[in-house]
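Coordinates in review
Here is what each chain is made of, one letter per residue.
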There are 2 protein chains.
Amino acid sequence: MSKCNGFAKQARVLKALANESRLIIVDRLSRGECTVGDLTELVGSDASTVSKHLALLRAHGIVEDRRAGNLVYYRLLTPCVCKFFSCATQVLEERSR
Amino acid sequence: MSKCNGFAKQARVLKALANESRLIIVDRLSRGECTVGDLTELVGSDASTVSKHLALLRAHGIVEDRRAGNLVYYRLLTPCVCKFFSCATQVLEERSR
DNA sequence: GGCGTATTTGGCCAAATGGCCATATACTGC
DNA sequence: GCAGTATATGGCCATTTGGCCAAATACGCC
């Protein structure tokens, strides 16, 4: 396993999550799979924009998709990313101290 | 406390960490405080660049600085960010599967 | 004060980001 | 095949990012 430059790879993963819309998506998916349409409505951006966010999350191994007829369902592949929420909250509390 | 739009705030925290140089810095600081000079040598970028990274981390409540004479020591304020490393690794493993 | 060292700030610039619109593709049902 | 719905892709553009260099600031020492 490549041990050198692991930070670059890890940075890419973090970057994939470091976006408000994508956090909304991940948070929603942490409670069960849903369709692109559901996520689009939730995020409030253009469907094309949400689709790009999903493609990016998929490319980084964070979500997975499954087509069912006319719909495409996405689900969270690495639930550990939810740890980020609690830590980010803690950082925010630290700052406001 | 503002509960709405918490995702935007969390995204800002993640973004603060989503950079190779800053991950190197955080990883180093997780093993104890050190000076800007130490970090500059470790990261391998210009001192001014490292200083800006540190300012950004400080602005987000992730690190804290302490001046001792001619030197400025930085230390990690929110060690929970280290959780990110293990999760990022897990995501990377998932992708390579 | 003046010099040397450590750190920060400002200016600049190429590259990446994230949004929208328009268009293309995938599927269902007729 | 054609029409309608769901999702993805390409083009475009304003903003942000992250690096370097040069200059400014902070401190210790003589």
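This section reports on the structure supplied with the text. (Residues numbered from 1 in each chain as written. Chains lettered and ligands numbered in written order. Predicted model: local features only at pLDDT ≥ 70, side-chain atom pairs only at ≥ 80, totals over all residues. Heavy atoms only, no water.)

Some thoughts on the protein's contact with DNA strand C
Near DNA strand C you find 24 residues, and of these Ser48(A), His53(A), Ser48(B), Lys52(B) and Tyr74(B) are the closest. In this structure, a phosphate oxygen belonging to DNA strand C sits 2.8 Å away from a main-chain N or O atom of Asp46(A). One of the side-chain N or O atoms of Asn70(A) is found 3.4 Å from a base oxygen in DNA strand C. Only helix 2 (20–29) and helix 4 (47–59) of chain A together with helix 3 (36–43), helix 4 (47–59) and strand 3 (71–76) of chain B provide two or more residues apiece to the surface near DNA strand C. (Near = heavy atom within 4 Å. Polar contact = N/O pair within 3.5 Å; in protein donor to acceptor, adjacent residues only side chain to side chain. Helix = DSSP H or I, 4+ residues; strand = E, 2+ residues; numbered from the N terminus.)

Things to note about the relation of the copies chain B and chain A
With an RMSD of 0.0 Å, the fit of chain B onto chain A corresponds to turning through 180° and sliding 0.0 Å along the axis. Here the transformation between the copies is reduced to the relation of a two-fold axis. With an isologous cut-off of 70% or more, the 100% of interface residues of chain B that recur at the interface of chain A puts this contact in the isologous class. (Least-squares fit on C-alpha atoms with pLDDT ≥ 70 in both. Contact = heavy atoms within 4.5 Å.)

Regarding the pairing of strand 3 (residues 71–76) of chain A
Residues and elements named next belong to chain A. Of the two faces of strand 3, the one holding Val-72, Tyr-74 and Leu-76 is buried and the one holding Leu-71, Tyr-73 and Arg-75 is not buried anywhere. Pairing geometry for strand 1 (residues 34–35) and strand 3, over two bridges, is antiparallel. Looking across to strand 3, one finds that Thr-35 is bridged to Tyr-73. Sheet topology note: the strand 2 (residues 63–68)/strand 3 ladder contains six bridges and is antiparallel. Within strand 3, the position partnered with Val-63 by the bridge is Leu-76. From the end of strand 2 to the start of strand 3, which pair antiparallel, there are two residues, and Gly-69 there has a positive phi angle of about 65°. (Buried < 20%, exposed > 50% of the residue type's maximum accessible area, 1.4 Å probe, protein only. Pairing = 2+ DSSP bridges.)

A look at the protein's contact with DNA strand D
In the neighbourhood of DNA strand D, 23 residues make up the surrounding shell, with Ser48(A), Lys52(A), Asp46(B), Ser48(B) and His53(B) lying closest. The contact atoms of DNA strand D, taken as those within 4 Å of the protein, divide so that sugar and phosphate hold 65%. Between DNA strand D and Gly37(A) there is a distance of 2.9 Å, counted from a phosphate oxygen to a backbone nitrogen or oxygen. Between DNA strand D and Asn70(A), the relevant distance is 3.3 Å, taken from a base oxygen to a side-chain nitrogen or oxygen of the residue. Elements that contribute at least two residues to the surface near DNA strand D include exactly helix 3 (36–43), helix 4 and strand 3 of chain A together with helix 2 (20–29) and helix 4 of chain B. Broken down by element, the surface near DNA strand D gets its largest block of residues, four residues, from helix 4 of chain B. Its residues placed into classes, the surface near DNA strand D shows four nonpolar, 13 polar and six charged. (Nonpolar A, V, L, I, M, F, W, Y, C, P; charged D, E, K, R; others polar.)

Some points on the pattern of salt bridges
Residues and elements named next belong to chain A. In total, this model carries eight salt bridges over all chains according to the counting rule given. Its salt-bridge partner being Arg-66, residue Glu-33 comes within 2.4 Å of it at the nearest N-O pair. In this pair, Glu-33 sits in the loop between helix 2 and strand 1 while Arg-66 sits in strand 2, placing the two residues 33 residues apart along the sequence. The class of Arg-66 is partly exposed, set by a relative accessible area of 39%. (Salt bridge = Lys/Arg side-chain N within 4 Å of Asp/Glu carboxyl O.)

Section: the sheet that holds strand 2 of chain A
Residue and element names in this part refer to chain A. The three strands are arranged 1-3-2 in an open sheet whose pairing can be described as antiparallel. In the strand order of this sheet, the two ends are held by strand 1 and strand 2, each with one partner. Sitting on the sheet, helix 4 touches strand 2 and strand 3, and the angle it makes with strand 2 is about 120°. (Axes fitted to C-alpha atoms, helices over the stretch in contact; angles between N-to-C directions.)

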